[in-house]
Amino acid sequence: PPILLEKKWEGDEETPELRPDEVTFIVSGIDKSTGEQKEVEVTFGKNDENQWRKQCDDIFEAETYTVTEKADGTLKNYTASGCVETTETGTTGKTVRVYTITNTMVEQQVLILKRSMESGDEASYLNGAEFSLYDTDPGEEGAEPVEPMEGKKNLVSTKVGEQDGVIYTDTLPAGTYWLV
């Protein structure tokens, strides 16, 4: 009987470009026909319905399957859940086992500082400089600064605790940003 592999994504609705084009699941189990341990890699991406699902019609038959995701470095901005097994009715009306792995976007702690480097001097951190933070190239038409701090588009470096020159300290979704 076929099985269905599914990848779900959480927390990256604003930055789907951080997702890889495809993922690889490793399906393993004891093959009922040979009694031997088998392992198959299945690589897939989004389907025509914009879902990350792959039906495997010709996979070996096993009483139970173990499904994991191949770690290849493309998911560094995510944490993965363990695999969850459910069932659903397939297109032929038969029950299909569904194996789902959900990846959740990791937010990054960010500290941005403004400093001046005078020739021969150690770095000095500056207060009072104004900046805007962009998540798209600010040179592109229509680019708007993001509002990382409750409606504030302009960030001003200031003293926070013992640290001068702090522009921003908080969490941001993983990605590329421009400070202008």
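Residues numbered from 1 in each chain as written. Predicted model: local features only at pLDDT ≥ 70, side-chain atom pairs only at ≥ 80, totals over all residues. Heavy atoms only, no water.

K.L.:
Even after reading the chapter, I still don't get a negative patch on the surface, so can you show me in this structure?
P.N.:
Taken together, the side chains of Glu10, Glu13, Glu14, Glu17 and Asp135 present a region of like negative charge at the surface. Turning to its location among the elements, Glu14 is positioned in the loop between β1 (3-10) and β2 (23-30). Using a relative accessible area of 74% as the deciding quantity, one classes Glu14 as exposed. (Patch = residues over 30% accessible without salt bridge, like charges linked within 9 Å, V, L, I, M, F, W, Y side chains within 5 Å. Areas by Shrake-Rupley, 256 points an atom, 1.4 Å probe, with all protein chains shown as cover. Salt bridge = Lys/Arg side-chain N within 4 Å of Asp/Glu carboxyl O. Lys, Arg positive; Asp, Glu negative; His and termini not counted. Charge placed at Lys NZ, Arg CZ, Asp CG, Glu CD. Helix = DSSP H or I, 4+ residues; strand = E, 2+ residues; numbered from the N terminus. Buried < 20%, exposed > 50% of the residue type's maximum accessible area, 1.4 Å probe, protein only.)

K.L.:
What am I meant to see in the sheet that holds strand β3 (residues 37-44) here?
P.N.:
To summarise the sheet geometry, strands pair through backbone hydrogen bonds and adopt either a parallel or an antiparallel arrangement. The sheet built from three strands is open, its strands ordered β3-β2-β5 with antiparallel pairing. Two strands close off the open sheet at either side, each with one partner strand: β3 and β5 (66-69). Strand-to-strand twist in this sheet, taken as the mean axis angle between neighbours without regard to direction, amounts to 20°. (Pairing = 2+ DSSP bridges. Axes fitted to C-alpha atoms, helices over the stretch in contact; angles between N-to-C directions.)

K.L.:
Whenever I open this one, the packing of aromatic side chains confuses me. Can you help?
P.N.:
Centre distance and the angle of the planes are the two values used to describe a pair of aromatic rings. What the rule picks out here adds up to five aromatic pairs. Measuring from ring centre to ring centre gives 5.2 Å for Trp9 and Trp52, while their planes differ by 70°; the resulting arrangement is edge-to-face. On the criterion of sequence distance, the pair formed by Trp9 in strand β1 and Trp52 in strand β4 (residues 52-56) is long-range, its members being 43 residues apart. A residue is classified by how much of its surface remains accessible, and Trp9, at 11% relative accessible area, is buried. The structure contains a cluster of three or more aromatic residues connected by ring pairs, namely Trp9, Trp52 and Tyr78. Between the NZ or CZ atom of Lys7 and the centre of the ring of Trp9, over which it lies, the distance is 5.3 Å. (Phe/Tyr/Trp six-rings, centres within 6.5 Å; stacked < 30°, edge-to-face > 60°. Lys NZ or Arg CZ within 6 Å of the ring centre and 35° of its normal.)

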